[in-house]
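Below are the chains, spelled out letter by letter.
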Amino acid sequence: MAEDLLVVENVKKHFPVTRGIIFQKQIGAVKAVDGVSFSVKSGETLGIVGESGCGKSTLARCIMRLLDVTDGKIVFDGRDISNLSRPAMRPIRREMMMIFQDPYASLNPRKRVGAIVSEALEVHKLGTATETKRRVQELLEVVGLNPEHYNRFPHEFSGGQRQRIGVARALAINPKLIVCDEPVSALDVSVQAQILNLLEDLQQDFGLTYVFIAHDLNVVRHISDRVMVMYLGKIAELAPKVDLYEQPKHPYTGALLSAVPIADPARGRARRPIVLEGDVPSPLNPPNACNFHPRCPRFQKGHCDVEDPPLPARALAARGGRVPKAGNGRPAGRTVGSVLGRRCSFRLSAGSRSYWS
Amino acid sequence: MLLEVNDLKTYFQTDDGIVKAVDGVNFSVEKGQTLGIVGESGSGKSVTCLTIMGLNAKKNTITSGEALFNGENLLTAGSRRLREIRGNDIAMIFQDPMTSLNPVHSIGTQLVEAVQLHQDVSKKGARARSVELLKAVGIPRADRRMDDYPHQFSGGMRQRAMIAMALVNDPDLLIADEPTTALDVTTQAQIVNLMKKLQEEFGSAIIIITHDLGVVAETADDVLVMYAAQVAEQAPVEKLFNRPHHPYTWGLLGSLPRLDADVDRLVQIPGQPPSLLRPPSGCRFHPRCPYVFEKCKTVDPPLVGISDDPSHLQACHLDEETKDREAAKLLAATMAQAG
């Protein structure tokens with residue numbers, strides 16, 4: 001039974017908004033991540049989807065401790081890393097690496113490829129100069145690049161090749177966890193396939209664990225084992241991928257999935273998307289109770305705008321997780337049907353197994 | 001025929017040599033129809049439309065061929081005539097609405113300007129027409145939002161405002177260059193729906209440029225697949241998706257991850273799109289093509305119709321039997337995956 005490599009408990013990241021020049025008074029906060037809990041098992045791929053502003057990139061940075069969390073706990077490989085000092089974090093940073101979205105901005109244009117890929121090795125003082133060079137060449141080959149291009153600059157490579165350099169860089173120190181923040185969004189479709197296949201091969205060969213963030217639902221389905229849908233800083237639904245895609249239980253997931261165009265004229269034109277009214281609210285002032293209620297096609301007045309439904313305990317798999325209870329002592333968010341993890345109190349009628357029916 | 005493009009070529013003179021951004025493109029668009037132009041970066045799809053609209057920089061640009069709009073060749077029309085046509089008979093919306101809207105003017109000012117440039121109306125009349133269009137594209141409280149600035153609109157709303165600006169003078173042809181790429185999927189769905197609805201209402205023809213095959217499948221009547229500045233395949237939309245006849249199209253369709261099925265391994269087209277400074281000899285796709293043979297390396301395949309379907313054009317030397325077989329295999333695999 002695989003262990004939990006990463007456990008995130010009720011993490012919040014609020015960015016304060018201040019007014020005043022000399023005396024800065026906080027007048028509000030952008031609640032980018034507002035109470036997120038989940039876990040990732042060793043060797044699995046957790047896909048995180050959501051639209052702009054849902055907090056997925058901020059969450060990624062919190063996991064990597066590139067940002068400090070406002071509240072909550074991040075437990076990596078059994079250790080609570082949420083408040084570790086910089087020197088204490090250093091050995092942990094050998095175990096987690098990140099691949100970024102923009103292959104043009106994420107590589108230092110003044111450094112040669114060899115230097116970029118070996119930077120982590122040098123920071124952690126792993127290996128002699130010769131060993132490092134050999135390792136880098138090996139890595140370049142693993143990601144499908146010519147090891148002889150060791151001395152080239154990033155601008156001499158295409159977007160897809162640069163992304164491969166980013167992957168090589170992430171692999172250099174043999175991390176356990178790789179957080180991929182939209183690694184294929186900026187790439188053409190045919191190159192995207194190359195990078196996705198590469199990431200899958202590497203996961204098999206090196207036993208990697210991925211947290212894969214993307215907004216393209218097709219890509220997330222392909223690469224993930226479980227998928228988490230975020231909306232305005234909170235988790236809307238978390239489920240194994242086939243469950244989520246075939247029988248989404250949260251209305252937002254349903255709307256998202258129905259909005260994806262299908263590359264098949266007959267089925268695409270027959271598709272009836274669930275159109276959500278209006279725009280996503282500002283994270284400065286998220287709606288109270290269930291944050292999706294103003295746009296939800298299944299909104300129930302007096303219920304969804306009063307109580308914020310928590311995710312059922314089974315989805316949390318957190319150490320010492322407790323089932324949050326509603327005021328009257330019953331477990332909140334319980335509904336008919338096999339709900340693995342969705343934050344919605346909308347009650348499915350008995351016998352109905354999915355949002356669609 | 002509303003628009004007829006014949007042997008269009010656009011070459012850019014650069015320090016490194018001549019970049020052949022568009023190298024012999026033919027297509028036509030009928031009234032009220034939607035043409036989808038699909039291709040990856042560097043395929044020439046955007047430059048094709050910029051050339052038709054006369055929006056390329058004049059310096060260091062060589063253009064040849066014809067772009068006949070209602071019989072008039074846009075490539076030889078003077079700049080005054082082009083200004084009359086742009087925003088009036090042909091309108092264009094661009095990919096990134098933030099950089100395409102003027103940030104220092106209100107949306108209303110920009111809309112009214114578009115109206116008054118081409119119609120002989122008072123400012124009041126122009127404003128009324130603009131509000132009408134903003135309502136038509138689904139912007140709530142349109143008369144108040146007229147005075148907002150672009151940064152006060154969300155991405156989806158800005159794109160709608162751009163569409164309103166494009167349609168305000170009832171153009172015959174709307175060119176949309178990656179109109180949904182910068183938007184979230186739910187906003188994308190709203191914009192695609194909006195464009196289809198407006199096409200019904202206003203009767204304009206649409207050219208939609210995109211790399212998203214899903215959007216093309218759902219909006220286009222005909223599709224043009226471009227590769228390395230040339231047309232690889234052109235067909236009515238169902239035929240392109242159900243019976244593709246070019247290895248590049250097979251690669252594109254096979255490399256798509258799917259929403260409704262689990263694919264074991266995505267098809268990957270090896271290598272990357274070629275340099276347009278020194279494109280490969282013969283068929284430009286040959287260095288990446290799994291079906292390549294000797295002729296492909298030296299002879300550029302002409303764009304010709306399939307023997308039993310002249311509306312379906314393709315540029316590939318492979319024999320038709322093999323192509324039909326491969327197309328059927330791809331379709332069968334797609335259906336099998338869907339279960």
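Model, not experiment: these values are computed from the prediction. (Residues numbered from 1 in each chain as written. Chains lettered and ligands numbered in written order. Predicted model: local features only at pLDDT ≥ 70, side-chain atom pairs only at ≥ 80, totals over all residues.)

Asks: Just checking my understanding: could you explain the overall build of chain B for this structure?
Replies: Across its full length, chain B holds 13 helices and 12 strands. The C-alpha atoms of chain B give 21 Å as radius of gyration, which agrees with the globular expectation for 339 residues (20 Å, within 12%). Considering only C-alpha atoms, chain B reaches an extent of 65 × 50 × 40 Å along its principal axes. Within chain B, the fraction of its 339 residues that count as buried is 47%. Pairs at least 24 residues apart make up 64% of the contacts formed inside chain B by residues separated by at least 6 positions. (Helix = DSSP H or I, 4+ residues; strand = E, 2+ residues; numbered from the N terminus. Rg over C-alpha atoms; globule rule 2.2 N^0.38 Å. Buried ≥ 20, exposed ≤ 12 C-beta atoms within 10 Å, placed from the backbone. Contact = placed C-beta atoms within 7 Å.)

Asks: Just checking my understanding: could you explain the overall build of chain A for this structure?
Replies: What chain A contains, in helices and strands, is 11 helices and 10 strands. A sequence separation of at least 24 residues applies to 64% of the contacts in chain A between residues at least 6 apart.

Asks: What exactly am I supposed to notice about the interface of chain B and chain A here?
Replies: Interface size is commonly expressed as the accessible area that is lost once the parts come together. Taken together, the contacts link 36 residues of chain B with 36 residues of chain A. Contributions of two or more residues to the side of chain B that touches chain A are made by helix H8 (185-202), helix H9 (213-219), helix H10 (237-242) and helix H11 (247-254) of chain B. Tallying contributions element by element places H8(B) first for the side of chain B that touches chain A, with 6 residues. The residue makeup of the side of chain B that touches chain A, split by class, is 17 nonpolar, 12 polar and 7 charged. (Nonpolar A, V, L, I, M, F, W, Y, C, P; charged D, E, K, R; others polar.)

Asks: Can you walk me through the sheet that holds strand S4 (residues 71-76) of chain A in this structure?
Replies: The strands making up a sheet associate through backbone hydrogen bonding, with each pair oriented either parallel or antiparallel. Read from one edge of the open sheet, 4 strands run S2-S1-S4-S5 (chain A), paired in antiparallel fashion. The open sheet is flanked by strand S2 (25-41) and strand S5 (79-80) of chain A, the only strands paired with a single partner. (Pairing = 2+ DSSP bridges.)

Asks: Would you mind showing me how to read the nonpolar core here?
Replies: A general tendency of soluble globular proteins is for nonpolar side chains to be buried together. Judged by nonpolar contacts, the single largest core of 192 residues is most densely connected at A:Ile63, A:Val179, A:Val211, B:Ala164 and B:Ile207. Per-element tally for this core: the top contributor is helix H7 (residues 155-167) of chain B, with 8 residues. Leave out the neighbours within four places in its chain, and A:Ile63 touches A:Leu6, A:Val8, A:Ile74, A:Val179 and A:Val211. (Core = buried A, V, L, I, M, F, W, Y, C linked by C-beta atoms within 7 Å.)

Asks: Quick question: what am I supposed to make of the packing of helix H5 (residues 159-171) of chain A against helix H6 (residues 189-206) of chain A here?
Replies: Relative orientation and spacing of two packed helices are given, respectively, by the angle between their axes and the distance between those axes. All names here are of chain A. Where H5 meets H6, the axes come as close as 10 Å, and the angle between the chain directions of the two elements is 15°. Viewed along their axes, H5 and H6 adopt a mutual orientation that is roughly parallel. For H5 against H6, the interelement crossing comes out right-handed. Side by side, H5 and H6 meet where Gly 159, Gly 160, Gln 163, Val 167 and Leu 171 of the first sit next to Val 191, Gln 194, Ile 195, Leu 198 and Leu 202 of the second. Taken together, the residues of the contact of H5 with H6 sort by class into 6 nonpolar, 4 polar and no charged. (Axes fitted to C-alpha atoms, helices over the stretch in contact; angles between N-to-C directions. Parallel < 35°, antiparallel > 145°, perpendicular 65-115°, else oblique. Left-handed = near helix turned anticlockwise from the far one by under 90°.)

Asks: When you look at unusual backbone geometry in this model, what are you seeing that I'm missing?
Replies: Leaving glycine aside, a negative phi is the common case for residues, and trans is the common case for peptide bonds. Although it is not a glycine, A:Leu232 adopts a positive phi angle of roughly 50°. Structurally, A:Leu232 is set in the loop between strand S9 (226-231) and strand S10 (234-240). Look at B:Ala229: it is not a glycine, yet its phi comes out positive at around 70°. On the secondary structure map, B:Ala229 appears in the loop between strand S9 (222-227) and strand S10 (230-236). Residue B:Ala229 is classed as buried on the basis of its C-beta count, with 27 C-beta atoms lying within 10 Å.

Asks: Could you clarify how one ought to interpret helix H4 (residues 107-118) of chain B in this entry?
Replies: Helical geometry: 3.6 residues make up each α-helical turn, so side chains three or four residues apart lie on a common side. Residues and elements named next belong to chain B. For H4, spanning 12 residues, the distance from its first C-alpha to its last is 18 Å, which sits close to the expected 16 Å at 1.5 Å a residue. Taken residue by residue, H4 has Ile 107, Gly 108, Gln 110, Leu 111, Val 112, Ala 114 and Val 115 as its buried positions. On the buried face of H4, the contacting elements are helix H5 (123-136), helix H6 (142-145) and H7. (Expected span 1.5 Å × (residues − 1).)

Asks: Any chance you could explain the sheet that holds strand S3 (residues 45-49) of chain A here in plain terms?
Replies: Residue and element names in this part refer to chain A. Strand order in the open sheet formed by 6 strands is S6-S7-S8-S3-S9-S10, and the pairing between neighbours is mixed. What marks the edges here is a single partner per strand, and that holds for strand S6 (96-99) and S10. On average, each strand axis in the sheet is tilted by 15° relative to the strand beside it, whichever way the strands run. When S6 meets strand S7 (residues 177-181), the two strands line up parallel, connected through 4 bridges. Bridging from a neighbouring strand, Met 98 pairs with Val 179 of S7. The strands touched by helix H9 (residues 251-259) are S9 and S10; relative to S9, the strand with the most contacts, the crossing angle is about 100°.

Asks: Just to check I follow, could you spell out helix H1 (residues 56-63) of chain A for this structure?
Replies: All names here are of chain A. Counted residue by residue, H1 has 6 buried out of 8 residues, so it is predominantly covered. Looking at H1, one finds that the buried residues are Lys 56, Thr 58, Leu 59, Ala 60, Cys 62 and Ile 63. Taken from the residues just after H1, Arg 65 is the one with a positive phi, measuring 60°.

Asks: Before we go on, may I ask you to explain the confidence of the model for chain A in this structure?
Replies: The predicted coordinates of low-pLDDT regions are not to be read in fine detail. Residues and elements named next belong to chain A. On average, residues of chain A score 82 in pLDDT, and 87% of them are at 70 or above. Of all helices and strands in chain A, the one with the weakest mean pLDDT is helix H11 (residues 313-316) (44), whereas S3 scores best (95). Per-residue pLDDT stays below 50 along residues 313-340; that stretch engages in 45 contacts with residues further than four places along the chain or on separate chains. Of the regions scoring below 50 in pLDDT, residues 348-357 engages in 15 contacts with residues more than four places distant in sequence or in other chains. (pLDDT = per-residue confidence, 0-100.)

Asks: In this structure, what is going on with the environment of A:Ser258? I would like to understand it.
Replies: Residues and elements named next belong to chain A. As for its placement among the helices and strands, Ser 258 is situated in helix H9. As for Ser 258 and Lys 241, which are separated by 17 residues in sequence, their C-alpha atoms are 16 Å apart. When residues no more than four places from it in sequence are discounted, the contact partners of Ser 258 are Pro 273 and Ile 274.

Asks: I'm lost on the pairing of strand S8 (residues 205-210) of chain B in this one. Help?
Replies: Along a regular strand, successive side chains alternate from one face of the sheet to the other. All names here are of chain B. Of all 6 residues in S8, 6 are buried, a share of seventy percent or more. For strand S3 (residues 34-38) and S8, the ladder comprises 5 bridges, and the chain directions are parallel. Its bridge partner lying in S8, Ile 37 is registered against Ile 209. Of the strand pairs in this sheet, strand S7 (residues 173-177) and S8 are connected by 5 bridges, and their pairing is parallel. Looking across to S8, one finds that Leu 173 is bridged to Ala 205. For the segment spanning S7, H8 and S8, crossover handedness is right-handed. (Right-handed = clockwise from strand over helix to strand, strands pointing away.)

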